[in-house]
Amino acid sequence: MFTHEFKNKLVDTLESLKNEGLYKSERFIDSQQYSQVTLKDGSSVINMCANNYLGLANHPEVMKAAQEAIDRWGFGMASVRFICGTQTLHRTLEERLSAFLGTEDTILYGSCFDANGGLFESLLGEEDAIISDSLNHASIIDGVRLCKAKRYRYENNNMEDLENKLKEADANGAKIKLISTDGVFSMDGIIAQLDKIHELAKQYGALVHFDECHATGFLGKTGRGTHEHCGIFGQIDITTGTLGKALGGASGGYTSGPKEIIEILRQRSRPYLFSNSIMPAIAAATLKVLDILEGSTEYRDRVETNAQYFRKAMTEAGFTISGKDHPISPVMLGDAALSQKMSELLLKHGVYAMGFFYPVVPKGKARIRTQISACHSIEQLDKAIDAFCKAGKELGVIK
């Protein structure tokens, strides 16, 4: 029964969040997802915070592929994969993703959150160990919590601390050791030192898992991801990723790696066994995205150029930008309330950019996380930079 006492407790919690400047409000978009969006009130603003890195969320060919797939394959599967939820379309996408990523096999999930949630407990037991980066995504953290393996946490991207944790796991008798890291840390735009992680993994006999949600499709010379960026393409143990960001921006995720690992996941991974298959239209649209990316590096080249342009101009204007060599370009502010005020001011100046603060990021590390896209024009980036400068001066962030 929903009691008055419980209701009052929830109301008090919500009021505390508002008073502390930690309450998250949602804005309503009344248009397609793109570099310029229309809000519910009819205003048109430059979108600086979408995961639509390649601008493919409303690409005509991608939308056409999805529309045609509904006619050919139907709207949804209404089933999990092992009952009657597997179409030849799903298997075709798994094979194409494996070829794109340089792996033996791939398994599809409803989201990358599900992929990470179903990974660790399917492969590891009490006698094993997981060594996890301190800034890993919430989905990795939750997936690790479901697993009975011993847990070790190393400082973000710190190879010395990682090696110490590997030694500690060995000293404690771990049979199987799995290092888990984000390929790109989404709050900071920091790229993992995946090449060095793999060297340590070889030295200590560990497996490596990395989450590629903010890399697949545009990081690396041909957009294959962090492993290509770090020069170790084809050396993947396990990677997880999403179809819901650069690869069309809808939903769906995957785990990719050795065929034996993927087969175990098909047998044991709970989010896979107990969730519906991804809708056919998403599978077909993602296949079209892969066609586009394999045909040309135009989109990944453009997002790289745009990100470099924005980062350079913002730094010269006096802002502190976290990360390096990535379209995630967080404008560091420190204070949660300040990040919300700046977000509101930016909107008045025609820029949609959200403040990020605790618990999404550590206390004292609030920021406006901007994400640059291939679909941003230089004119739009200049307008956004100008809006940041106006808001930044008004709030005393820059002089």
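Residues numbered from 1 in each chain as written. Predicted model: local features only at pLDDT ≥ 70, side-chain atom pairs only at ≥ 80, totals over all residues. Heavy atoms only, no water.

A few words on helix α13 (residues 280–295). Compared with an ideal rise of 1.5 Å per residue, which puts 16 residues at 22 Å, α13 spans 23 Å between its outermost C-alpha atoms and is within 8% of the ideal. Counting buried positions over the 16 residues of α13 gives 12, a clear majority of the element. Along α13, the residues that are buried comprise P280, A281, I282, A283, A284, A285, T286, L287, V289, L290, I292 and L293. (Helix = DSSP H or I, 4+ residues; strand = E, 2+ residues; numbered from the N terminus. Expected span 1.5 Å × (residues − 1). Buried < 20%, exposed > 50% of the residue type's maximum accessible area, 1.4 Å probe, protein only.)

Let's shift gears to the sheet that holds strand β12 (residues 328–334). Taken in spatial order, the three strands make up an open sheet running β12-β15-β14, and their pairing is antiparallel. The sheet is open, and its two borders are formed by β12 and β14 (355–356), each paired with just one other strand. Summarising the sheet, β12 and strand β15 (residues 366–371) pair through six bridges and their orientation is antiparallel. Bridge pairing links G334 to A366 in β15. Each of β12 and β15 is contacted by helix α14 (residues 298–316), which is oriented at about 25 degrees to β12, the strand it contacts most. (Pairing = 2+ DSSP bridges. Contact = heavy atoms within 4.5 Å. Axes fitted to C-alpha atoms, helices over the stretch in contact; angles between N-to-C directions.)

What follows concerns the pairing of strand β6 (residues 177–182). In terms of burial, β6 is largely enclosed, as six of its six residues are buried. Bridge analysis of strand β4 (residues 129–133) against β6 gives four bridges, and the strand direction is parallel. Residue S132 lies in a different strand from β6, and its bridge partner there is S180. Bridging between β6 and strand β9 (residues 207–211) involves five bridges; their strand directions are parallel. If you follow S180 over to β9, its bridge partner there is H209.

Right, let's talk about the side chain of H59 for a bit. Looking at where H59 falls in the secondary structure, it is placed in the loop between β2 (44–47) and α2 (60–73). When its relative accessible area of 13% is taken as the criterion, H59 is described as buried. Other than its neighbours up to four places away in sequence, H59 contacts I292 and Y299.

Turning to the packing of aromatic side chains, a few remarks are in order. Taken as a whole and judged by the stated rule, the model has five aromatic pairs. Taking the centre distance of 6.0 Å and the plane angle of 90 degrees together, the rings of F2 and F6 count as edge-to-face. The exposure class assigned to F6 is partly exposed, which follows from its relative accessible area of 41%. Here Y109 and Y272 contribute two aromatic rings whose centre-to-centre distance is 5.9 Å and whose plane-to-plane angle is 65 degrees, an arrangement assigned as edge-to-face. On the criterion of sequence distance, the pair formed by Y109 in strand β3 (residues 105–109) and Y272 in helix α12 (residues 270–273) is long-range, its members being 163 residues apart. Under the relative-accessibility criterion, Y272 is labelled buried at 7%. Joined through ring pairs, the aromatic side chains of F310, F319 and F388 make up one cluster. Against the face of F28 rests K40, its NZ or CZ located 5.2 Å from the ring centre. Against the face of Y358 rests K363, its NZ or CZ located 4.8 Å from the ring centre. (Phe/Tyr/Trp six-rings, centres within 6.5 Å; stacked < 30°, edge-to-face > 60°. Lys NZ or Arg CZ within 6 Å of the ring centre and 35° of its normal.)

These results come straight from atomic positions and should not be treated as a statement about function.
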